[in-house]
Amino acid sequence: MSKATGNIQLKLWGPARLEYQGREIKLQRKGLAILYYLLLEGPTRREVLADLLWGHSAASQNLRVELHRLGQALAPLGFTGFQPGEDPLKPPSYLQLDRAAGPGMPMEGLEDISAEFRAWLEGQRSQLMSGSPGAMGRERLVQDVAAQIQPPFLLILMGRPGSGRTSFAQALAKTLGMPFLEGPRGSGRVLHYLRAPYPDGAVERALNDREGLWVVERSSFGEDPQIILELRSHYPPERTRCITLPPLSWGEARSGLLNQMPFAQAAKLFLASGGSPGYLRELLAMGQFDGDLPLPQRVRAQVQLEARMLSLEARLALERLSVHPAPFTQGLLDALEGTPFLDELERWGWLVYNGQWQFADDSIRRVLYHSLQPGRRQQYHRQAALQMALENQTMPEAYHRLMAGDTTDWSTFVQALEDWPQYGLRAFLDMPLPDLPELSPEELSPGGEIAMLEESRFGLGFDTEGRYLRWNRTPSIVGPSGLEWATFEEPGLLHLKGYAYVENPLGVGITGVAAPLVLTLRGEREGRVYFLKGAKPAQLDPQTTVLPLPEKLDFWFRVPQGVSVSLHSAAESALLDLEVNAYRISQAPATYEKPRVAVYELFPSLVSGRIWR
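A few points on the structure. (Residues numbered from 1 in each chain as written. Predicted model: local features only at pLDDT ≥ 70, side-chain atom pairs only at ≥ 80, totals over all residues. Heavy atoms only, no water.)

## Points about the overall build of the protein chain
Using the following cut-off: A run of DSSP states H or I qualifies as a helix once it reaches four residues; a run of E qualifies as a strand once it reaches two. Both are numbered from the N-terminal end. Taken over C-alpha atoms, the radius of gyration is set against a globule rule of 2.2 Å times the number of residues to the power 0.38. A simple rule labels every residue: compare its accessible area, found with a 1.4 Å probe on the protein chains alone, to the largest value its type can have, and call it buried under 20%, exposed over 50%, or partly exposed in between. It only takes one pair of heavy atoms within 4.5 Å for two residues to be counted as in contact.
What the protein chain contains, in helices and strands, is 20 helices and 26 strands. Its C-alpha atoms give the protein chain a radius of gyration of 27 Å, near enough to 25 Å, the size a compact globule of 613 residues would have. Evaluated residue by residue, the protein chain yields a buried proportion of 54% over its 613 residues. Nonlocal contacts in the protein chain, meaning residues at least 24 apart in sequence, comprise 68% of its contacts between residues at least 6 apart.

## Quick word on the packing of helix α1 (residues 29–41) against helix α3 (residues 59–74)
Spelled out, the test is: Helix axes are fitted only over the stretch in contact, all axes being lines through C-alpha atoms; the angle between N-to-C directions runs from 0 to 180 degrees. Here the word oblique covers every angle except those under 35 degrees (roughly parallel), over 145 (roughly antiparallel) and from 65 to 115 (roughly perpendicular). All residues other than Ala, Val, Leu, Ile, Met, Phe, Trp, Tyr, Cys, Pro, Asp, Glu, Lys and Arg, Gly among them, are scored as polar; the first ten of these are nonpolar and the last four charged.
Where α1 meets α3, the axes come as close as 9 Å, and the angle between the chain directions of the two elements is 90°. Classified by the interaxial angle, the pair formed by α1 and α3 is roughly perpendicular. Along the contact surface, α1 presents K30, G31, I34 and L35, while α3 presents L63, E66, L67 and L70. Residues of the contact of α1 with α3, tallied by class, amount to five nonpolar, one polar and two charged.

## Remarks on unusual backbone geometry
The omega torsion of the bond from P151 to P152 falls at 5°, within 30 degrees of zero and hence cis. Within the element layout of this structure, P152 appears in the loop between α5 (138–147) and β5 (153–159). Put simply, A196 and P197 share a cis peptide bond, and its omega is -5°. Note that P197 resides in the loop between β7 (191–194) and α7 (202–208). Within the chain, M107 stands out as a residue other than glycine whose phi angle is a positive 55°. Given a relative accessible area of 0%, M107 falls into the buried group.

## A look at the pattern of salt bridges
Stated precisely, the cut-off is as follows: The salt bridge criterion pairs a side-chain nitrogen of Lys or Arg with a carboxyl oxygen of Asp or Glu, the two atoms within 4 Å.
A complete count under the given rule lists 28 salt bridges for this structure. The shortest N-O distance in the salt bridge between E19 and R17 comes to 3.1 Å. The salt bridge partner of K497 is E579, with a shortest N-O separation of 4.0 Å. Here E579 lies in strand β25 (residues 574–585) and K497 lies in strand β18 (residues 492–502), a separation of 82 residues in the sequence. According to the relative accessible area criterion, K497 is partly exposed, its value standing at 32%. Three or more residues joined by partner-sharing salt bridges are found here, namely K11, R17, E19 and D98.

Next comes the structure, spelled out in structure tokens:
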């Protein structure tokens, strides 16, 4: 057990480092690699770590030595290391991973520990950069990759259809001051770009080149083609790098391709495309932004071409599974006849397993779904609804019945929920809302600004810069994400404004608890405000308030002294751009004219007991 107080933090972004009370703890790089791997992957057998970091006959002995060094570095701080014989190794309870986005890439400086660790590291970077809205723009990624390349060099550039791999390589060539050449032609200090169908003789040219940069395009779907296997087996690993091109971040798309569009239209296109620049350009060229978005034929063809690499049976299973925009239960996988093909679909990059099977990319799932014939789509929804009914999965059953167009007694589904989820489903279905005490905001004047100190942030799909908060929530993100601020040392006013676009199925998500936006105040008691589409300002109980979630938000709240504030989203599909500020309550005399705002009181004292169920 640890005798020290407080936590040690591994910094995820920028140079790999371990910090305690703001001071860096010097560690060997392989010691750092062990800690990062355990925190990101969980308990791991010693044999797996030894092979990952060394991969030779003395790997186990080397691991024991590295664990001993870790213990020696932590002991002066009062922390104990790993126990002799502990297997699997578990991440220490006192160790925290600081996920706050910063300059650079995740875990910098650990690239050349081993070829196997580099492959794992690149996979983690790809996932982290695509899961954080403001983590890494294309321009910054080009700069960071260019800084690590010294020709001769081999760069394997992975990406999904429309990810902009050619544009990225051209920008990289410009940054490095190199000519960009398609194929193996030319010589000297140039960037050679190879794409399928790969030209003959390219492997021999690349292996004998001592001045050029060879960039080989590879799809994120499928297995390594022959040319990459041959290059990797002969090219020096210290001069080889493989990166997966992440999608555009929401901020990057909003300031670029979507900068002239209203927020709701831009958000709608971004969620449909998954941030793929090629897909976005196709949607913009079609110019149809109202109602259901059309599926560009080029995008459909690109995805179907990739799917043709699967067996016919696996491809048909993938189409059936596309009707479900959430993780699959085993029963649903069986009902949609997908279970026999899970290995093939995972190996080729279409599905991933994170405790449950789900699509690796929801925008690709959408393309497959909208490519289905209407009759087949309805049939698969009905199969899914029947299975969900057998599993007593109320909200997934309701979703599939709605999408199948079946006549349904919605009151049955509504009564299966309680509290705010029931209210949210009623509002989504445009059913009569219960008669509840209405909220009556009071008129107050904001005074001087109060500094809001960040206490912690949590979850994926979320980023913040000062007073500005941004969420990019997709079905692959599990759990809420948001920010908590330090306790208010004096009474104040909280101002929440910005924009929200939510595509939650049934308003509250397939889970039934996917709240688009939640404001929480914590003191001796806790109060929550749930922002829901179609809601009316109302009090569900003394600690629960519902407010509407319009496209454009502008709300004021009174915050008592000694209370902390947090804001989070658990939406299954949403984009939110918000600004949060705090102000003192003005004590100016009544005769002094000062702008007044409508302020909600989260803790009304006149309501007691639960009002409705």
